[in-house]
Structures are given as C-alpha cells and as structure tokens.
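Notes for the structure review
Each chain is listed here by its residues.
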Amino acid sequence: MPTLNPAYSDVIELLTLPPDGDESAVAAVRARDAQLTKPPGSLGALEGLVEFLARWQGRAKPRLDNPMVTIFAANHGVTDQGVSTFPRQVTAQMVANFTNGGAAISQICALHELNLRVFELALELPTGDITKAAALDDKMCAATIAYGMEAIAGKPDLICLGEMGIGNTTVAAAIYAALYGGTGADWVGRGTGVDDAGLARKADSVDRALAFHAGELDHPLAILARVGGREIAAMLGALIAARHQKVPVIVDGFVATSAAAIAHAINPASIDHCLFAHVSAESGHARALQAMGQKGLLDLGMRLGEGSGAALAAVLAKTALHLHNNMATFESASVSGKEA
Ligand SMILES: Cc1cc2ncn([C@H]3O[C@H](COP(=O)(O)O)[C@@H](O)[C@H]3O)c2cc1C
Ligand SMILES: O=C(O)c1cccnc1
C-alpha cells in the first residue's frame, strides 16, 4: 500500500494482526447445544449467534450482562449540496431525542434492556463539503478513530454500532464508490427519502467528490478522511478496540457498514468479530455487503440507521443466549435422545 500519513500508524498496527477468535469456547458451546432438548441445528442462526458470542468474547459461557448500543453523531458539509430531505440541525435535535427516550432506538433499548450511549462528535463543526474539500484532515481523522476506541471503555460484552448524521448516506456512498468502484449512481439511495432530483444530486455529489479527490484515494484511511465523516471514523475506532478487548460487534445498516468496509479493505480478517445485523433498504447496502463477502442477518426493509437494526439483532442474540443457558438437557428433562 502507498505511504500513509504517520498519524495512522497505531490504527494500521491494530488492524494488521488482530487477535483470533476462541475456538475452544465455540467447541464448549457446541457441546452444550448438542445436549439441549431440541433436534440438532433446529434453532438455525440462533445457534450461530451463541457461537459468535463465545468465539469473540473468548468465553465458553458467553454473557450478555452489559450489551451496549452506541450512536455516534456528526454533521456533514456535503449537506450544502441538497443531499438530504432534512436540515442539518436535525442531527443535534435527534441526539436530544435519543436521550429523552423519544427515538425508535430509545424505545427498542428500553423495551429490551440494552444500554444506549450517544457520542456527539463536534456537531457544531460539520466536516468539509466532500465535493470541494477533505471531510477531515488526517490528524483529525486519526484522533476521531482514537476517540471511538475510547468510547467502548465501559466493559460492554457486546456493542451495536449505530450513527446519526444528516447527509451521511451520501458520504457512505462515496466511501463505497472509492473502495469498490462504480459511479455515484451505483451507490446512492434515497436516505431519509429524497425524490428523484435529490437522488440525482446525491449521485452527482459523489461523482464530483471522487473527481475532486482523485489521486488521493489510494488508501482506505485516506478515503475515510477525504470523503468520510466523524461518526464513521469513530465507529471504525470502536470496531477496532472491540476486537482487542474481546467485545463482539453488531454493525447496523448502510452507513455503519461503511466503517467496517474501511477496516475490511485494510485487512479482511479485522472484521471477523463483526456481525452484520440486517440488509438495509438503502439501495447499495446489499452490494456493499456482497463486496465484503458478508450477509445481513435480518431483512426487514428498514432504513432508519441510529443502530436500530443492530439493536434488533442484539435482541435475537439475547434470546439465543437465554435459550442456550436455560433450556433443559435431554438428561435433565428425561427426554429420549436421538436414535443411532
Ligand atoms: C428524524 C430523523 C431520524 C433519524 N434517525 C436516523 N436517521 C438517519 O438518517 C440520516 C441519513 O440520511 P440522509 O443521508 O438522507 O440525511 C442519518 O442521520 C441516519 O442515521 C434519521 C433521519 C431523520 C430525519
Ligand atoms: O441503513 C442505514 O444505515 C440508513 C438508511 C437510511 C438513512 N440512514 C441510515
């Protein structure tokens, strides 16, 4: 890879040799699962969720005592190009709504006992408009990744990565186009609900951003700084720190996945501890997941962001773990096992 700003050397190091998953913990989970009063494999993906928790927590008996939904919030200069149906102030207003309990994610978390933490990233200071400037300089980008690493310090046993930032479906599309090729039209979707003219403005903004930064997009972290955003950098940091602290990660939709795409482009194995919660209705998400060799767990036609899809996947993980821990075994319930 080309020379990269030295500000990123720690990030590169942490992404280069991430710790492996714990296969003995997975074996222990499988051994217990085989004793539970159900036909083998009958809980399908729920069984895989328990294995996922065991592998990346490094625990034969995985726990979900402190599952955490994180929302990283930031503002984007590219909103000057008319790429969202909502004004930039909505980012801060929704942050207040998250804390006051009025947002969809607040209610999902309240109902299912998930901790919700919101991280505001200089909302009063939108990034540069990517059609004519870098979103962030490299130092700021590296510092924001570092901030994201700190954000998960409260010893969660699972984190869901979510975001809030008016305009951020445009910058996520720009990241995918820069990583995987294609034009803006291949990657943009309707976001908060833009009409056809808005969709065309989004595609054109991505194309102009790629043209403006041409020659500077030769490393995934340069792409993040040039055409990304603060919340995406912070989600990348959280994802990286989680791996090193044995915290499994559930990634939300189109925007959150762009942070994982940056890590994946540097080292595909660096996102092995990430589960992709769902396929967002934002067109482009399915394509991005495919480019990363990933599948979404759920397909609910959701296109909200704010970690909502990830939180619902966490609810399934909680259910799966509860079954794993509390179902009877063939022996304890005196149920006859499989015939040879
Ligand atoms: C009230 C409201 C609540 C939201 N919660 C998440 N988003 C989502 O929409 C935004 C991205 O879409 P775009 O690129 O079209 O601006 C992000 O903030 C995202 O999380 C919301 C958007 C709005 C308006
Ligand atoms: O899937 C997402 O992340 C998404 C879709 C639309 C708007 N905001 C976020």
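An account of the accompanying structure is given in this report. None of these values were measured; they are calculated from a predicted model. (Residues numbered from 1 in each chain as written. Chains lettered and ligands numbered in written order. Predicted model: local features only at pLDDT ≥ 70, side-chain atom pairs only at ≥ 80, totals over all residues.)

**Regarding the overall build of the chain**
Just so we agree on the cut-off: Helix and strand assignments follow DSSP, with helices taken as H or I runs no shorter than four residues and strands as E runs no shorter than two, numbered in order from the N terminus. Radius of gyration means the value over C-alpha atoms here, while the globule rule gives 2.2 Å times the residue count to the 0.38 power. Each residue is classified by how many other C-beta atoms fall within 10 Å of its C-beta atom, where C-beta atoms are placed from the backbone; a count of 20 or more means buried, 12 or fewer means exposed, and values in between mean partly exposed. Two residues qualify as being in contact provided that their C-beta atoms, derived from the backbone, are within 7 Å of each other.
Within the chain one finds 14 helices and 5 strands. The globule rule puts the C-alpha radius of gyration for 340 residues at 20 Å, and the 20 Å found for the chain is close to it. Taking the principal axes of its C-alpha atoms as reference, the chain extends roughly 70 × 40 × 35 Å. With 340 residues in all, the chain has 52% of them scored as buried. Of all intrachain contacts in the chain linking residues separated by at least 6 positions in sequence, the fraction that spans at least 24 positions is 79%.

**Side note on the pairing of strand E1 (residues 67–73)**
With 7 of its 7 residues buried, E1 lies for the most part within the structure. Neither face of E1 is open: one carries Pro-67, Val-69, Ile-71 and Ala-73, the other Met-68, Thr-70 and Phe-72, and all of them are buried.

**A look at the packing of helix H3 (residues 45–57) against helix H14 (residues 308–326)**
Note the cut-off: Fitting a line to C-alpha atoms yields each axis, with helices limited to the stretch in contact; the angle taken between N-to-C directions then spans 0 to 180 degrees. For this classification, under 35 degrees means roughly parallel, over 145 means roughly antiparallel, 65 to 115 means roughly perpendicular, and everything else is oblique. The residue classification treats Ala, Val, Leu, Ile, Met, Phe, Trp, Tyr, Cys and Pro as nonpolar and Asp, Glu, Lys and Arg as charged. All others, Gly included, are polar.
Taken N-terminus to C-terminus, the directions of H3 and H14 make an angle of 90°; their axes are 8 Å apart at the nearest point. Here H14 runs roughly perpendicular to H3, going by the angle between their axes. Within the contact between the two elements, H3 uses Leu-46, Leu-49, Val-50 and Leu-53 and H14 uses Leu-316, Ala-317, Thr-319, Ala-320, Leu-321, Leu-323 and His-324. For the contact of H3 with H14, a count of residues per class yields 9 nonpolar, 2 polar and no charged.

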